[in-house]
Amino acid sequence: MAIQWYPGHMTQARKKAEETMEFMDIVIEVLDARVPEASHNPVINEMRLFRQRPNLKILNKSDLADPKATEAWLNYFNRQPNTKAVALSCKKPGEANKILRHCLALTPHRGSHLKPLRMMIMGIPNVGKSTLMNALLNRRVAKVGDEPAVTKSQQRFDISETMSITDTPGMMWPKIQYESDGYMLAASHAIGRNAVIDEDVAIFLADNLLKTYPALINARYKLDTMKHEGGFLDVLKMDGVDLLEAIAKRRSYKRHDGLWDMEKTAVAFLTDYRSGAIGRISLETPLSRSEMMQAFEPNVVDDAASDVNEDETS
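Draft legend 1. Molecular detail of the overall build of the protein. Counting its secondary structure elements, the protein contains twelve helices and eight strands. Here the protein holds 314 residues, and the buried ones make up 54% of them. Considering only intrachain contacts with a sequence separation of at least 6, the fraction spanning at least 24 residues in the protein is 70%. Roughly 15,300 Å² of accessible area belongs to the protein as shown, and the carbon and sulfur atoms make up 51% of that amount.

Rendered as structure tokens:
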């Protein structure tokens, strides 16, 4: 089942963002480093290009992402015109200080008393925009929560006499084009829980991680020590449903009727991924993204495909 989530307040947020961007000098787009392209809102890109504003892409939560995948994404984004991409974790002290330096480099004509630098933070829900705001200002000015769509209105703050920053609500786009994007965003907690079924999302995530990070899965849940019919469990022969059932058995998650509690298991598995308990994981790379798009649109040529292949095989 395809996942779609576009709460009513986001239409107004989009209109307000379009109006505000006219008076901004640079767009700071915060992405989730585990799903950089899936967490990129195409509407933000359309608005930015229309206003011809430079773009600083922040791959936030990089401490939770696979370092090799993050490096490939930085190379990919940094090839794009008028764009600079950096990876950081806004929760780490001092990390946010790099942002102002990069913004000034992208807007060399701004940042003086005569022409102050006006920055605008944008991104989808729950990627860490408010945490970034608080870090930049070195005080708590934006409400932070581990749920999507905490910020509901724009807020403007002066960082210094020559710099100001505007925080915007997390903004989705009206229709998620690729089904896997919806599941990756839901797994990464960027979509409201009322729009998803946790068990479906957990099965999608489990299928993905069994293919891409089987060693991390085995280390976290010690599957090779669990007896099964005919021997011990083999992580390489499992699918997502098998994994959730194995976790339920390992942790004795049972319902009152004696059946395994798959809903509780799904939530626990998603929490392990989101918190980094399983390990540093990326759900997509530039190469996997290119392959996915080619599968859906085989006639579309990805200009970056050759560069992506070179990055990830070198």
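Draft legend 2. Examining the pairing of strand 5 (residues 155-160) more closely. Relative to strand 6 (residues 163-167), strand 5 is paired through five bridges, and the arrangement is antiparallel. When the sheet's bridge partners are listed, S160 is paired in strand 6 with M163. Turn length for the strand 5-strand 6 hairpin, with the two strands adjacent in sequence and antiparallel, is two residues.

Draft legend 3. Up close: the pattern of salt bridges. Summed over the entire model, instances satisfying the criterion amount to 13 salt bridges. For E22, the salt bridge is made with R51, and the minimal N-O distance between the two is 3.9 Å. Taken as a pair, E22 in the loop between helix 1 (9-21) and strand 1 (26-32) and R51 in helix 2 (residues 42-51) lie far apart in primary sequence, 29 residues in all. For E22, a relative accessible area of 39% puts it in the partly exposed group. R110 is the salt-bridge partner of D25, the closest N and O atoms lying 3.4 Å from each other. On the criterion of sequence distance, the pair formed by D25 in the loop between helix 1 and strand 1 and R110 in the loop between helix 4 (97-106) and strand 4 (117-123) is long-range, its members being 85 residues apart. Among the residues examined, R110 registers a relative accessible area of 17% and is labelled buried.

Draft legend 4. The arrangement of the sheet that holds strand 3 (residues 83-87) in detail. Judged by pairing direction, the sheet is mixed, and its six strands sit side by side in the order 3-2-1-4-6-5 without closing on themselves. The open sheet has two free edges, formed respectively by strand 3 and strand 5, since each of these has just one partner strand. Sheet twist, expressed as the mean angle between neighbouring strand axes with direction ignored, is 25 degrees. As defined by bridge partners, strand 1 adjoins strand 2 (residues 55-60) across six bridges and the pair is classed as parallel. Opposite E29, over in strand 2, you have K57 as the bridge partner. Across the sheet, helix 1 lies against strand 1, strand 4 and strand 6, angled at about 155 degrees from strand 4, the strand it touches most.

Draft legend 5. Representation of empty space enclosed by the protein. A full pass over the atoms with the stated rule returns one cavity of 30 Å³ or more. Estimates place the volume of the largest cavity at around 40 Å³. Of all the secondary structure elements, the ones that give two or more residues to the lining of the largest cavity are helix 7 (198-212) and helix 10 (262-275). Here the lining of the largest cavity is built from residues that sort into five nonpolar, one polar and three charged.

Draft legend 6. Structural detail: the environment of W73. The topology assignment puts W73 in helix 3 (residues 67-77). Judged by relative accessible area, W73 falls into the buried class, the value being 0%. Distance from W73 to V86, taken between C-alpha atoms, is 9.6 Å for residues 13 residues apart in sequence. Not counting the four nearest positions on each side in its chain, W73 is found in contact with P36, E37, L59, E284, T285, P286 and R289.

What counts as what
Residues numbered from 1 in each chain as written. Predicted model: local features only at pLDDT ≥ 70, side-chain atom pairs only at ≥ 80, totals over all residues. Heavy atoms only, no water. Helix = DSSP H or I, 4+ residues; strand = E, 2+ residues; numbered from the N terminus. Buried < 20%, exposed > 50% of the residue type's maximum accessible area, 1.4 Å probe, protein only. Contact = heavy atoms within 4.5 Å. Areas by Shrake-Rupley, 256 points an atom, 1.4 Å probe, with all protein chains shown as cover. Pairing = 2+ DSSP bridges. Salt bridge = Lys/Arg side-chain N within 4 Å of Asp/Glu carboxyl O. Axes fitted to C-alpha atoms, helices over the stretch in contact; angles between N-to-C directions. 1 Å grid on protein atoms, 1.4 Å probe; cavity = no way out; pocket = protein on both sides within 12 Å on 5 of 7 lines; lining within 4 Å. Points joined across faces, edges and corners; volume = space filled by probe spheres on them. Nonpolar A, V, L, I, M, F, W, Y, C, P; charged D, E, K, R; others polar.

So far we have only geometry, and geometry alone does not tell us how the molecule works.
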